[in-house]
Amino acid sequence: MSDQEINDSSPNILLGVTGGIAAYKSLEIVKLLRKNGSDVQVVMTKGAEEFISSATFQNVSSRPVRNNLWDESAESTMTHIDLARWADIVLIAPATAHCIGSLASGLAADLLTTLCLATEAPIIVVPAMNKVMWSNKAVESNCKLLRKRGVSLLGPVYGDQACGEIGYGRMMEPDEIVSQVYKQPIILDKKALAGLNIVITAGPTREPIDPIRYITNRSSGKMGYSLALAARESGAKVTIVSGPVSLETPAGVNRVNVETAEEMYSEVQKLIDDIDIFIGCAAVSDYQAKSTSLEKIKRKNSDLSLDLKPSPDILTSVSARDKGPFTIGFAAETADVMRYAKEKIAKKSLDMIAANKVGPDHGFDQELNSLSVIYGDKVVELDQTSKPILAKKLIKLIAERYNETRINQQLSNDSIA
Ligand code: PMT
């Protein structure tokens, strides 16, 4: 494999170094990450520079170190927002109690914490501090909050500490950190879906009742758009067929806007012949008005009934096709999630289904989500995390399952021939 090929599929890593004695070990982390083909951009805090010079990091990373939000010359080359977008992963090692507290509080006091707020990349924090600090309740609750928001924490480990004590608080060794980083399910293989066409439905639909009223739901489109971005980053050509949402289209993704279930159905039919993978993430209205009033329905002092009819089932129209695409559905349920999801995968002949518990604090229009993914006789739990990270995990699983299925099909075709 050439260096170019290694670099193409290795993640860009933004390494944050904060002020702890373990900062000197981060030099080894840079070397190991680069050996694995990653480009590494080091961002140092003022505290880190008390322990080690930025020139040393510049040397091993072959990139100027960034350490100041207000550095005009650095910002003119790559702004901190560009940097936040460039990163496939933000790794902070060592992470001090101060840094962890700032991240938990959402502070943007320096370049590193600002980048953490501005990035959609997964964040991995490697704490290093004195054992008493590590067991402090404030640090403990900050770490818990970060985990809940989808930040991964590695270590700390037990051992000798710089202050002469022994206990938990020591930073994990560089080789262990680097091997854990590449094992994270959030790292996408940029070629896993190369050459494949993927269509993803996302967002809600709006079913008109009269010229100003419609039936809709709380879907924000965040889950579907995060899937589109993750699929694009895995090398696929992606089209989102989207209901009305206020989200930007992810870079490199085609977008077709629709309002109603009928429109979503007909746009999907136009694309269906050319697709390898279909993901039905939209919250498509199950019902639409039997007839739409041309004028505003007037208020009367009596009950009003609306006649509804089922809207077209987009997912089934895809999965029912002979030699159709690999089809993934979602099952949004408020109760008995697994039972209904299993019924849906069978009834709609899907290759995979993502069971999504929904409710006031789950699923719809939330930043965090969790899924139980069912395929064959397997169930994979994707625990609660941010939607962009969850989407990466799901896309990774879809890519693995898709490739496994295609290999099995090929083998069975060969044995028939
Ligand atoms: O958009 P967010 O705010 O980020 O929220 C994400 C989400 C909760 C909407 C998403 O994760 C999710 O669960 N999407 C599916 C919502 C849904 O309508 O589920 P369902 O169980 O009613 O439908 C089952 C499947 O059939 C879904 O794949 C759905 O897209 C599809 N369907 C449903 C009805 C219909 N007429 N046509 C369809 O294709």
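Rules of the game
Residues numbered from 1 in each chain as written. Predicted model: local features only at pLDDT ≥ 70, side-chain atom pairs only at ≥ 80, totals over all residues. Heavy atoms only, no water. Pairing = 2+ DSSP bridges. Helix = DSSP H or I, 4+ residues; strand = E, 2+ residues; numbered from the N terminus. Contact = heavy atoms within 4.5 Å. Axes fitted to C-alpha atoms, helices over the stretch in contact; angles between N-to-C directions. Domains from an automatic or database assignment. Buried area = accessible area lost by both parts, 1.4 Å probe. Salt bridge = Lys/Arg side-chain N within 4 Å of Asp/Glu carboxyl O. Buried < 20%, exposed > 50% of the residue type's maximum accessible area, 1.4 Å probe, protein only. Patch = residues over 30% accessible without salt bridge, like charges linked within 9 Å, V, L, I, M, F, W, Y side chains within 5 Å. Areas by Shrake-Rupley, 256 points an atom, 1.4 Å probe, with all protein chains shown as cover. Arc of directions from axis to C-beta. Near = heavy atom within 4 Å. Polar contact = N/O pair within 3.5 Å; in protein donor to acceptor, adjacent residues only side chain to side chain. 1 Å grid on protein atoms, 1.4 Å probe; cavity = no way out; pocket = protein on both sides within 12 Å on 5 of 7 lines; lining within 4 Å. Sits in = over half its atoms within 2 Å of the grid points. Nonpolar A, V, L, I, M, F, W, Y, C, P; charged D, E, K, R; others polar. Phe/Tyr/Trp six-rings, centres within 6.5 Å; stacked < 30°, edge-to-face > 60°. Lys NZ or Arg CZ within 6 Å of the ring centre and 35° of its normal.

**Student:** Sorry if this is basic, but what is going on with the sheet that holds strand 1 (residues 13–17) here?
**Tutor:** Picture the strands of a sheet paired through backbone hydrogen bonds; they go either parallel or antiparallel. Spatially, 5 strands are ordered 2-1-3-4-5 in an open sheet, and the strand pairing comes out parallel. The two strands at the open ends of the sheet, each matched to only one other strand, are strand 2 (40–44) and strand 5 (152–153). With 4 bridges joining them, strand 1 and strand 3 (residues 89–95) adopt parallel strand pairing. Bridge assignment links G16 to a residue of strand 3, and that residue is I92. Strands strand 1, strand 3 and strand 4 (123–127) of the sheet are contacted by helix 11 (residues 174–183), whose axis makes an angle of about 155° with strand 3.

**Student:** Mind showing me how you'd approach the domain arrangement of the protein chain here?
**Tutor:** When the parts of a complex come together, some accessible area is lost, and that lost area is often used as the size of the interface. Here the protein chain is partitioned into domain 1 (4–181) and domain 2 (197–292 + 303–411). A C-alpha centroid distance of 35 Å is found between domain 1 and domain 2. On the domain 2 side, the residues contacting the 6 residues of domain 1 number 8 residues. Summed over both partners, the interface of domain 1 with domain 2 comes to about 530 Å²; 56% of that surface belongs to carbon and sulfur atoms. If you sort the residues of domain 1 by the area they bury against domain 2, E120, P122 and K148 come out on top, with a joint share of 60%. Counting across the interface, domain 1 meets domain 2 through 0 salt bridges.

**Student:** When you look at the pairing of strand 7 (residues 166–170) in this model, what are you seeing that I'm missing?
**Tutor:** Regular strands place side chains that alternate from one sheet face to the opposite one. Pairing geometry for strand 6 (residues 157–160) and strand 7, over 4 bridges, is antiparallel. Among the inter-strand pairings, G159 is bridged to a residue of strand 7, identified as G167. Between strand 6 and strand 7, which pair antiparallel in sequence order, lie 5 residues; one of them, G164, sits at a positive phi of approximately 95°.

**Student:** Before we go on, may I ask you to explain the side chain of T96 in this structure?
**Tutor:** Structurally, the position occupied by T96 is in the loop between strand 3 and helix 7 (97–105). T96 sits in the buried class, given a relative accessible area of 16%.

**Student:** Sorry if this is basic, but what is going on with a nonpolar patch on the surface here?
**Tutor:** A cluster of nonpolar residues, I21, Y24 and F51, forms a patch on the protein surface that exposes about 330 Å² of accessible area. Structurally, the position occupied by I21 is in the loop between strand 1 and helix 2 (26–35).

**Student:** How should I be thinking about helix 15 (residues 337–347) in this particular structure?
**Tutor:** Each α-helix winds once per 3.6 residues, and so residues spaced three or four apart point in a common direction. Of all the positions in helix 15, only V337, A341 and I345 are classed as buried. Across the axial projection of helix 15, the buried residues extend over an arc of 60°, all falling on one side. For helix 15, the exposed residues set more than 90 degrees away from the buried face come down to A346 and K347. Where helix 15 is buried, its residues meet strand 16 (326–333), strand 17 (352–357) and strand 18 (368–375). Following helix 15 by one or two positions, S349 adopts a phi angle in the positive range, close to 50°.

**Student:** Explain the site of the ligand here, please?
**Tutor:** The local shell around the ligand holds 29 residues, among which S220, G280, A282, K344 and N356 are the closest. Take F330: an N or O atom from its main chain is 2.9 Å from an oxygen atom of the ligand. For the ligand, the accessible surface in isolation is 780 Å², of which the surrounding protein chains cover 95%. Put simply, the ligand lies in the second largest pocket. Those elements that provide at least two residues to the shell around the ligand are helix 12 (222–233), helix 14 (314–319) and strand 16. Among the elements that take part in the shell around the ligand, strand 16 stands out by supplying 4 residues, more than any other. When grouped by side-chain class, the residues that make up the shell around the ligand number 13 nonpolar, 9 polar and 7 charged.

**Student:** Even after reading the chapter, I still don't get the side chain of N142, so can you show me in this structure?
**Tutor:** Inspection of the secondary structure assignment puts N142 in helix 10 (residues 137–148). Given a relative accessible area of 19%, N142 falls into the buried group. Aside from chain neighbours lying at most four places away, what touches N142 is I100, G101 and A104.

**Student:** I'm lost on the packing of aromatic side chains in this one. Help?
**Tutor:** Describing an aromatic ring pair means giving the distance of the ring centres and the angle of the ring planes. Within this structure, the stated rule accounts for 2 aromatic pairs. Taking 5.8 Å as the distance between ring centres and 90° as the angle between the ring planes, the aromatic pair formed by F326 and Y402 counts as edge-to-face. Here Y402 lies in helix 16 (residues 387–416) and F326 lies in strand 16, a separation of 76 residues in the sequence. One exposure class covers both F326 and Y402, and it is buried. In this arrangement the basic side chain of R339 is found over the ring face of Y340, its NZ or CZ atom lying 4.8 Å from the centre.

**Student:** What is the right way to read the pattern of salt bridges from this model?
**Tutor:** A side chain with one charge may pair with a side chain of the opposite charge, provided their charged atoms come close. Under the definition given, this model contains 17 salt bridges. Between R206 and E259 there is a salt bridge, with the nearest N and O atoms lying 4.0 Å from each other. Of the two residues, R206 is situated in the loop between strand 8 (197–202) and strand 9 (207–210) and E259 in the loop between strand 12 (254–257) and helix 13 (261–271); the sequence distance between them amounts to 53 residues. What makes E259 partly exposed here is its relative accessible area of 37%. The salt bridge involving D336 is made with R339; its shortest N-O contact spans 2.9 Å. Taking relative accessible area as the criterion, D336 reaches 44% and is therefore assigned partly exposed. Given the relative accessible area of 44%, R339 is considered partly exposed. If you follow the salt bridges from partner to partner, you end up with K25, R170 and E173 in one network.

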